[in-house]
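Listed below are the residues making up each chain.
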Amino acid sequence: MNINIESTWKKKLHPEFEKEYFKNLMLFVKSEYQSKTIYPSEKNIFRAFNLCPFNKVKVVIIGQDPYHGPGQAHGLCFSVEDGAKFPPSLRNVFKEINNDLGNPVAESSDLSRWAKQGVFLLNATLTVEAEKAGSHQKKGWETFTDAVIKTLGQQKENLVFILWGAYAQRKAEMIDKNKHLVLKSVHPSPLSAARGFFGNNHFSKANNYLELHKKTSINW
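Residues numbered from 1 in each chain as written. Predicted model: local features only at pLDDT ≥ 70, side-chain atom pairs only at ≥ 80, totals over all residues. Heavy atoms only, no water.

### Observations regarding the overall build of the protein
Along the backbone of the protein there are eight helices and six strands. Ordered by position in the sequence, the α and β elements of the protein form the string α-α-β-α-β-α-α-β-β-α-β-α-β-α. Over its C-alpha trace the protein gives a radius of gyration of 17 Å, about what one expects of a compact globule, namely 17 Å for 220 residues. Projecting the C-alpha coordinates of the protein onto the three principal axes gives extents of approximately 45 × 35 × 25 Å. Looking at the 220 residues of the protein, the share that counts as buried comes to 55%. For the protein, restricting intrachain contacts to residue pairs at least 6 apart in sequence, the fraction spanning at least 24 positions comes to 67%. As displayed, the protein offers around 10200 Å² of accessible surface, 48% of which is attributable to carbon and sulfur atoms. (Helix = DSSP H or I, 4+ residues; strand = E, 2+ residues; numbered from the N terminus. Rg over C-alpha atoms; globule rule 2.2 N^0.38 Å. Buried < 20%, exposed > 50% of the residue type's maximum accessible area, 1.4 Å probe, protein only. Contact = heavy atoms within 4.5 Å. Areas by Shrake-Rupley, 256 points an atom, 1.4 Å probe, with all protein chains shown as cover.)

Below you can see the structure in the form of structure tokens.
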């Protein structure tokens, strides 16, 4: 399977591509695409990497699984293509941005605009079978994306890691808090957002930290 990934990432992650687990993962994923409906499209599996090269990463947001409905997943966590059903969690993200920064509530559900500014929108699992949430978990993706998080944490400085919900927060143990800012809260899902997502001020905190370290803030 051709690994269509941006050159700076390819250089950093080359050791992972050579490992047995990753080769087996690619065989599994290729077989799934040939026999089932899988999201996102094959060309978008590594879209988060392709829109946000390694040397441009400033903020990392970690999700769990791609959306498993038609026309939604396109390789960026929390993001869906314009015209697709708007995810309730993303609506709550935009509400918090409005509360925190006063920015108008965005109408576009496509977060490519964030990725191009240095926001790395990483799902822990990069593929999923249609209508079967979590179907590609524990196949090797988590080993790969954990390696990605460790590589970022070890080889870069002064990143902002945004971890929403228990699943993402478990990734915090891999991140050196002396080198990076780690922001945690409950998930923006309607089931939990009122219990601490609203009012977390993660967007202003992220920008303040970036500016403190002489980096351009994000236009959320």
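There is more to say after this.
### A closer look at the environment of Trp-114
Position of Trp-114 relative to the elements: it lies in helix α5 (residues 112-115). For the pair Trp-114 and Asp-176, spaced 62 residues apart in sequence, the C-alpha separation works out to 24 Å. Every residue in contact with Trp-114, bar those within four places of it in the chain, is listed here: Ile-61, Val-93, Phe-94, Ile-97, Val-119, Leu-121, Phe-203, Asn-219 and Trp-220.

### A few points about the pairing of strand β5 (residues 160-164)
In terms of burial, β5 is largely enclosed, as five of its five residues are buried. Side chains Val-160, Ile-162 and Trp-164 of β5 all project onto a buried face; the interleaved residues Phe-161 and Leu-163 project onto the opposite face, where all are buried too. Pairing of strand β2 (residues 59-63) with β5 involves four bridges; the strand directions are parallel. By the bridge assignment, Ile-62 is partnered in β5 with Leu-163. As paired strands, β5 and strand β6 (residues 181-185) are joined by five bridges and run parallel to one another. Along β6, the bridge assignment pairs Val-160 with Leu-181. (Pairing = 2+ DSSP bridges.)

### Notes on the pairing of strand β3 (residues 119-123)
By the criterion of burial, β3 is predominantly enclosed, with five of the five residues buried. Going residue by residue along β3, you find Val-119, Leu-121 and Asn-123 tucked away on one face and Phe-120 and Leu-122 tucked away on the opposite face as well. Note that β2 and β3 share five bridges and pair parallel. Note on β3: the bridge partner recorded for Ile-62 is Leu-122.

### Focus: the packing of aromatic side chains
In this structure the tally under the stated criterion is 22 aromatic pairs. Ring plane angle 25° and centroid distance 4.9 Å describe the contact between Trp-9 and Phe-120, whose orientation is recorded as stacked. Of this pair, Trp-9 sits in helix α1 (residues 7-17) while Phe-120 sits in strand β3, placing them 111 residues apart in sequence. For Trp-9, a relative accessible area of 0% gives the class buried. For Phe-120, a relative accessible area of 0% translates into the label buried. (Phe/Tyr/Trp six-rings, centres within 6.5 Å; stacked < 30°, edge-to-face > 60°.)

### What to know about the packing of helix α2 (residues 20-35) against helix α6 (residues 141-155)
Interhelical geometry of α2 versus α6 gives an angle of 125° and a closest axis separation of 9 Å. When the axes of α2 and α6 are compared, the pair comes out oblique. Remark: the crossing between α2 and α6 carries left-handed chirality. Listed contacts from α6 to Tyr-21, Phe-22, Leu-25, Met-26 and Val-29 of α2 are Trp-141, Thr-143 and Phe-144. When its residues are assigned to classes, the contact of α2 with α6 shows seven nonpolar, one polar and no charged. (Axes fitted to C-alpha atoms, helices over the stretch in contact; angles between N-to-C directions. Parallel < 35°, antiparallel > 145°, perpendicular 65-115°, else oblique. Left-handed = near helix turned anticlockwise from the far one by under 90°. Nonpolar A, V, L, I, M, F, W, Y, C, P; charged D, E, K, R; others polar.)

### Regarding the nonpolar core
The biggest cluster of nonpolar side chains holds 63 residues, and the ones touching the most others in it are Phe-49, Ile-61, Trp-114, Phe-120 and Phe-144. At six residues, α2 tops the list of elements feeding residues into this core. (Core = buried A, V, L, I, M, F, W, Y, C linked by side-chain atoms within 4.5 Å.)

### Focus: the packing of α1 against α6
Two elements in contact, α1 and α6, have axes separated by 11 Å at closest approach and are oriented at 130°. Classified by the interaxial angle, the pair formed by α1 and α6 is oblique. The handedness of the crossing between α1 and α6 comes out as right-handed. Touching Trp-9, Lys-12, Leu-13, Glu-16 and Phe-17 of α1 are Phe-144, Ala-147, Val-148, Thr-151, Leu-152 and Gln-155, all from α6. Tallied by class, the residues present in the contact of α1 with α6 amount to seven nonpolar, two polar and two charged.

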